[in-house]
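Summary of structural features
Below, each chain spelled out in residue letters.
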Amino acid sequence: MGNTITIDPVTRIEGHSKITLQTDDHGEVVAAYFHTTQFRGFEKFCEGRPYYEMPYLMERICGICPVSHLLASAKACDALLAMKVPPAAGKLRRILDLAQLIQSHALSFFYLSSPDLILGMDADPRERNFFGVMQAQPELGRWGIRLRQFGQQVIETLAGKRVHPAWVVPGGVNEPLSVEKVNKLLEQMPEVIEIAQKSLTWFKRQLETFREEIRTFANFPSLFMGLVTVDERAGYYQGKIRFTDSLGNIVADDLDPANYQEYIGEAVEPFTFMKFPYYKPMGYPDGMYRVGPLARLNLVDNCGTPLAQQEWVEFRELERKAVLSSFYYHYARLIEILFALEHIQEYLLDPIITKKQARYTASLNNLEGVGCCEAPRGTLIHHYRVDEQGLITWANLIIATGHNNLAMNRGILQAAKHFVRADKMSEGMLNRVEAVIRAFDPCLSCATHADGHLDLQVQLVSPDGSLLNEIRRPA
Amino acid sequence: MSHTIILACGNPLRGDDGIALHLAHCLQEQHWDPEIEIRYSQQWTPELAESISKVDLAIFVDASTTVPAGTIRLQPVSFSKPWRGGTTHSLHPPQLLALARELYGKTPERALLLTIGGESFGHSNEFSRPVRGAIPTALAQIRRLASGVTLPEPDALPSAAIY
């Protein structure tokens, strides 16, 4: 008789979730589900509030990537005002976005995933954490802390606070950056760039150990999506949407993020509070795509900064076309840290960022606005409608983690089929299934959203696992 | 001169939970010695370990749900191992000392945890009456500690000494 294996909670990720695996009579895994078990309602409870509150309300969605929500929300408000921001503000916002990426990627790689990479997937779970890493490889612990600290320090220097800053406003930023602050940040650049390079060197040496995981961690063809700039770089703060396939072909390009509803559909499933975005022309679920570091490095033909470019070339040589294994999200994350550091340095050397004009003002000119940027985990979209008084009447958010939902579910099935045997269970098997999710670095407190009514399913299950009763409310 | 860091922790939107941040702001505004570093955070995270490793005295300040409302409690903090069950999003003072020692090879000569018992931790940016009443004493207590007033050695302090 088949059985259900539950991994609850999924550990070392942002937010709350569980995984269930269904096995058949022979103990083989036949189905896998990734359940986001928390629910929030930001789209709903912001209705009736004035649009200019949105950046500060929406950034409260998350304590890890509030800057991304702040930026996407402010950009949606810029669209409501039908305005561009001053050149200095545009660059300062970009620095903030990249700093956010550094601190978040460092958290994901060093704090959450490095225990698997350093101590091993089968290590004692009581020791398999960042503190175990600290004892086993203290230098790596210091690198992780330093990189995260630097990202946070840039955010604090620009925006006044490390978490939930209020510095980005519709129309720009509310305070320019001083030369003294710029110089203080520039002084630190050589040290943190060297740490990023050493981290990459260390990680590349580990890859041989993880061949089986590379082969089975959400390693399949899919589309990739992200923002691309006019000069063919990954567009972190701004750009047009591009979809590519697993052969590296461009499927769709130059798509306006404001028209996302024309090419992104959102499905719901009864087992989770996270939506399932998909590429509309291919339908659901065939329109599965991936976003985030792996996708961003697959979408472009150059990385854009000298040191990161060298790493990107090596990375793309891993496979002949697109890099498909989601294990390589870790690798891509480290390359993006290096890119972000180099790019921040370029911006800091640009005198325009200390110009005093950092904000324009305007009144409401549009009743609908979309803001889009690349959050650490992928493309983030905020979409607001307002009435003539500027009060929010409707909001929709598509969160980076949500885009990866289909791929995460398929990825845990692939890994579970390979590693899990119900008759010979070990903790390490289940940890590998969790580690697939960790590779995507989901941020579930951000990603839990319902599209209209939830498709709700309540099951009454007996102690032996058999289903006694079920009530279902369709969406 | 000895180096001191004050680490205030709390959520200013959850009533009494924000008392440590309020105290830190008050200290900074009242002609505070600029040589004494003050750090504000919603949670204590690993990034603080390096700063802690560089000081002689670390004073952790936080609200407490277990101490009676308005009561100020001072406890010594010592390096603790093992740190099983720790999460990198929220560390306790002993774990931060452990990180400082393991990663940077040094812990402060003295580390103290000053807690103020809270009554209301709901959604609010105001403090309860007992906590408001404790503010002057708490500020004076932190000033005394930071200015190097001699206290009994941490080991001689009871684990939940009340001053």
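For the structure itself, consult the block above.
Reading the values: the criteria
- Residues numbered from 1 in each chain as written.
- Chains lettered and ligands numbered in written order.
- Predicted model: local features only at pLDDT ≥ 70, side-chain atom pairs only at ≥ 80, totals over all residues.
- Heavy atoms only, no water.
- Helix = DSSP H or I, 4+ residues; strand = E, 2+ residues; numbered from the N terminus.
- Buried < 20%, exposed > 50% of the residue type's maximum accessible area, 1.4 Å probe, protein only.
- Contact = heavy atoms within 4.5 Å.
- Areas by Shrake-Rupley, 256 points an atom, 1.4 Å probe, with all protein chains shown as cover.
- Phe/Tyr/Trp six-rings, centres within 6.5 Å; stacked < 30°, edge-to-face > 60°.
- Buried area = accessible area lost by both parts, 1.4 Å probe.
- Salt bridge = Lys/Arg side-chain N within 4 Å of Asp/Glu carboxyl O.
- Polar contact = N/O pair within 3.5 Å; in protein donor to acceptor, adjacent residues only side chain to side chain.
- Nonpolar A, V, L, I, M, F, W, Y, C, P; charged D, E, K, R; others polar.
- Pairing = 2+ DSSP bridges.
- Axes fitted to C-alpha atoms, helices over the stretch in contact; angles between N-to-C directions.
- Parallel < 35°, antiparallel > 145°, perpendicular 65-115°, else oblique.
- Left-handed = near helix turned anticlockwise from the far one by under 90°.

1. With respect to the overall build of chain B
Summing up its helical and strand segments, chain B has four helices and six strands in all. Element order for chain B, N to C, with α for helix and β for strand: β-α-β-α-β-β-α-β-α-β. Looking at chain B residue by residue over its 163 residues, the buried ones come to 50%. In chain B, once contacts between residues fewer than 6 apart in sequence are set aside, the share between residues at least 24 apart is 76%. Total accessible area on chain B is roughly 7600 Å²; 50% of this is exposed by carbon and sulfur atoms.

2. Observations concerning the packing of aromatic side chains
Residues and elements named next belong to chain A. Tallied over the entire structure, the rule returns 26 aromatic pairs over all chains. Ring centres 4.9 Å apart and planes at 80° place the aromatic pair Phe109 and Phe110 in the edge-to-face group. Just as Phe109 is buried, Phe110 falls in that class too. Centre to centre, the rings of Phe276 and Tyr284 are 6.3 Å apart; their planes meet at 70°, and the pair counts as edge-to-face. Relative accessible area serves as the criterion here: at 1%, Phe276 is assigned to the buried category.

3. Describing unusual backbone geometry
Residue and element names in this part refer to chain A. A cis amide bond, omega 0°, links Asp8 with the succeeding residue Pro9. Locating Pro9 in the fold gives a position in the loop between strand 1 (3-7) and strand 2 (17-23). Residues other than glycine seldom take positive phi values, yet Ala218 does so here, at roughly 45°. Positionally, Ala218 belongs in the loop between helix 8 (211-216) and strand 6 (223-228).

4. Topic: the interface of chain B and chain A
Tallying the contact residues gives 18 residues for chain B and 22 residues for chain A. Here chain B meets chain A over a buried area of about 1900 Å², counting both sides, of which 57% is carbon and sulfur. Our count for the contact surface shared by chain B and chain A stands at one salt bridge. The closest approach of N and O atoms between Glu47(B) and Arg148(A), which form a salt bridge, is 3.3 Å. At the boundary of chain B with chain A, the tally comes to four residue pairs in polar contact (both at pLDDT 80 or more). Broken down by element, the residue count for the side of chain B that touches chain A peaks at four residues, all from helix 3 (residues 93-104) of chain B. Considered class by class, the residues forming the side of chain B that touches chain A number seven nonpolar, five polar and six charged.

5. What to know about the pattern of salt bridges
Considering all chains together, one arrives at 32 salt bridges over all chains under this definition. The residue Asp116(A) makes a salt bridge to Arg12(A) at a minimum N-O spacing of 3.0 Å. Highlighted residues: Asp116(A) in helix 4 (residues 87-119) and Arg12(A) in the loop between strand 1 and strand 2, separated in sequence by 104 residues. Across the pair, Arg12(A) and Asp116(A) agree in class, each one buried. When the shortest N-O distance is used, the salt bridge between Glu50(B) and Lys54(B) registers 3.6 Å. In this structure Lys54(B) comes out as exposed when scored by relative accessible area, which is 55%. One continuous salt-bridge network, built from bridges that share partners, spans Arg12(A), Asp116(A), Arg128(A), Glu427(A), Glu434(A) and Arg438(A).

6. A short note on the sheet that holds strand 3 (residues 29-36) of chain A
Each strand in a sheet pairs with its neighbour through backbone hydrogen bonds, running either in the same direction (parallel) or in the opposite one (antiparallel). Residues and elements named next belong to chain A. A sheet is described by the order of its strands in space; here three strands give the open sequence 1-2-3, paired in antiparallel fashion. Of all strands in the sheet, those bounded by a partner on one side alone are strand 1 and strand 3. Strand-to-strand twist in this sheet, taken as the mean axis angle between neighbours without regard to direction, amounts to 20°. Where strand 2 lies against strand 3, seven bridges are found, and the strand directions are antiparallel. Across the sheet, Leu21 pairs through a bridge with Ala32, a residue of strand 3. The strands that helix 14 (residues 405-419) touches are strand 2 and strand 3; relative to strand 3, the one it contacts most, it runs at about 140°. The strands touched by helix 15 (residues 427-440) within the sheet are strand 1, strand 2 and strand 3, with strand 2 carrying the most contacts at an inclination of about 125°.

7. Re the pairing of strand 7 (residues 240-244) of chain A
Regular strands have side chains that alternate between both faces of the sheet. All names here are of chain A. Most of strand 7 is tucked away, with four of its five residues classed as buried. Pairing between strand 6 and strand 7: five bridges, direction antiparallel. Looking across to strand 7, one finds that Gly226 is bridged to Arg242. Pairing of strand 7 with strand 8 (residues 250-255) involves three bridges; the strand directions are antiparallel. When the bridges of strand 8 are listed, Thr244 appears paired with Ile250. Between strand 7 and the antiparallel strand that follows it, strand 8, lie five residues; Gly248 among them carries a positive phi value of about 90°.

8. Thoughts on the side chain of Asp78(A)
With respect to the secondary-structure elements, Asp78(A) resides in helix 3 (residues 66-81). When residues no more than four places from it in sequence are discounted, the contact partners of Asp78(A) are Met83(A), Val85(A), Arg93(A), Val169(A), Pro170(A) and Gly171(A).

9. Quick word on the side chain of Glu213(A)
Residue and element names in this part refer to chain A. For Glu213, the position within the fold is in helix 8. Of the residues examined, Glu213 reaches a relative accessible area of 5% and is grouped as buried. Beyond its immediate chain neighbours, meaning those up to four positions away, Glu213 contacts Met121, Ser325, Phe327, Phe419 and Arg432.

10. What to know about the packing of helix 12 (residues 329-348) of chain A against helix 15 of chain A
Residue and element names in this part refer to chain A. Two elements in contact, helix 12 and helix 15, have axes separated by 8 Å at closest approach and are oriented at 25°. Relative to helix 15, the element helix 12 is oriented roughly parallel. As for the relative orientation of helix 12 and helix 15, their crossing is left-handed in sense. Contacts between helix 12 and helix 15 pair Tyr329, His330 and Arg333 from the former with Arg438, Ala439 and Phe440 from the latter. Looking at the contact of helix 12 with helix 15, its residues break down into three nonpolar, one polar and two charged.

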